[in-house]
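Each chain is listed here by its residues.
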Amino acid sequence: MPFQGTCVLPMLLVTFSSSTFIINYIVAVVPGHINVIFPYISDAGTTPPESCIFGLMTCLTAMAGVATIYARYKFIERLSERRALVRPRVNQIALGVGLVSCFGMCIVATFQETVQRYVHDFGAVLHFVTAVVYLIMQTCISYQIQPYGTSKAMCCTRAIITFVAFLALVPTIVCALLVKSTQLQWTGDEKEYGVHLASAVCEWTVAFTLVFYFFTYIQEFKVFTLTVKSELVDYS
């Protein structure tokens, strides 16, 4: 069966997130709204009609992220009930960090960088920083539940992806702080173009390491299911 367990959740997250990057980039590049070579991801969601697509798809990605992060939390919780592999508090903190990251994504989708730059930048920093922290925590958790929840090879893969994300995060933020301009078109002659390009390259790197990380969830999510229980409350 192609959709065993809850693997559809990370599949949707990977599909929505990668589609958000690629589709918006194409829609923004074709009419010449942004540079072809490494614009900021948010640059592709600033001008209509791509701004509408960006907002919608980013919110869908955030919802898929919430569902995936919560499913992962319940899986670790259930696994730890049987074998006491992960402390409940650690699992709860990881859940909270992941949800905050999704909230930051919603801020980015709602406040465009050319309209509300500081709010937009706050949402972007909130999203990326907490997302990388979430990767670090989940990588540590993966090693703790190994071999019951995941394989050693998968733990190493997640550790490498997390390391790359962390290395790319720092220049993403530092270089972005040095860029004062919010222009969408760059000729390459501007004084700030170098740091802009470095920041943009690192931003795309962080974004796709997140995609690849959640892609590693797909096989793991095939081994468990989630159910919704409904109970009627009698107020009489």
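What you see is a predicted model; the values in this text were computed from it and never measured. (Residues numbered from 1 in each chain as written. Predicted model: local features only at pLDDT ≥ 70, side-chain atom pairs only at ≥ 80, totals over all residues. Heavy atoms only, no water.)

Visitor: Just to check I follow, could you spell out the side chain of Ser101 for this structure?
Guide: Relative to the helices and strands, Ser101 resides in helix α3 (residues 88-110). A residue is classified by how much of its surface remains accessible, and Ser101, at 6% relative accessible area, is buried. (Helix = DSSP H or I, 4+ residues; strand = E, 2+ residues; numbered from the N terminus. Buried < 20%, exposed > 50% of the residue type's maximum accessible area, 1.4 Å probe, protein only.)

Visitor: I'm lost on the layout of surface pockets in this one. Help?
Guide: Think of a ball as big as a water molecule: rolled over the atoms, this probe shows where empty space is left. Of the voids in this model, the largest pocket is the one considered here, and its volume is about 490 Å³. Contributing to the lining of the largest pocket are 22 residues, with Tyr40, Arg117, Asp121, Ala176 and Leu177 lying nearest its centre. The element that contributes the greatest number of residues to the lining of the largest pocket is helix α4 (residues 117-145), accounting for seven residues. Partitioning the lining of the largest pocket into residue classes produces nine nonpolar, seven polar and six charged. (1 Å grid on protein atoms, 1.4 Å probe; cavity = no way out; pocket = protein on both sides within 12 Å on 5 of 7 lines; lining within 4 Å. Points joined across faces, edges and corners; volume = space filled by probe spheres on them. Nonpolar A, V, L, I, M, F, W, Y, C, P; charged D, E, K, R; others polar.)

Visitor: Please explain the packing of aromatic side chains as it appears in this structure.
Guide: Here a ring pair, both rings aromatic, is described through the centre-centre distance and the interplanar angle of the planes. Counted under the stated rule, the structure contains 13 aromatic pairs. Taken together, a centroid distance of 6.1 Å and an interplanar angle of 35° make the contact between Tyr70 and Tyr73 tilted. With Tyr70 and Tyr73 both in helix α2 (residues 50-83), this residue pair falls three residues apart, about one helical turn. Here Tyr70 falls in the partly exposed class, since its relative accessible area comes to 40%. An aromatic cluster of three or more residues is present, and its members are Phe75, Tyr134, Tyr213, Phe214, Tyr217, Phe221 and Phe224. (Phe/Tyr/Trp six-rings, centres within 6.5 Å; stacked < 30°, edge-to-face > 60°.)

Visitor: Mind showing me how you'd approach empty space enclosed by the protein here?
Guide: Applying the stated criterion to the full structure yields one cavity of 30 Å³ or more. In this structure, the largest cavity spans a volume of roughly 430 Å³. Around the largest cavity, the lining is made up of 28 residues, and of these Phe21, Thr61, Met105, His127 and Leu210 lie nearest the centre. At the level of secondary structure, the elements contributing two or more residues to the lining of the largest cavity comprise α1 (8-29), α2, α3, α4 and α6 (193-215). Ranked by residue count, the leading element in the lining of the largest cavity is α4, at six residues. Of the residues in the lining of the largest cavity, the class split is 18 nonpolar, nine polar and one charged.

Visitor: Just to check I follow, could you spell out the nonpolar core for this structure?
Guide: Soluble globular proteins tend to pack their nonpolar side chains together in the buried interior. Core analysis: the largest hydrophobic core is formed by 45 residues, its most contacted members being Tyr134, Ile145 and Phe214. Secondary structure elements with two or more residues in this core: α1, α2, α3, α4, α5 (152-178), α6 and α7 (217-220). (Core = buried A, V, L, I, M, F, W, Y, C linked by side-chain atoms within 4.5 Å.)

Visitor: Help me understand α1, please; the structure alone is not making it clear to me.
Guide: Think of an α-helix as turning once every 3.6 residues; residues three or four places apart then point the same way. Here α1 contains 22 residues, and its C-alpha end-to-end distance of 31 Å stays within 8% of the 32 Å for a straight helix at 1.5 Å per residue. Along its length, α1 shows its largest kink, about 25°, at Ser19. All buried positions along α1 are accounted for by Pro10, Leu13, Val14, Ser17, Ser18, Thr20, Phe21, Asn24, Ala28 and Val29. Buried positions along α1 lie against α2, α6 and α7. (Expected span 1.5 Å × (residues − 1). Bend = angle between axes of the 7 residues up to and from the residue. Contact = heavy atoms within 4.5 Å.)

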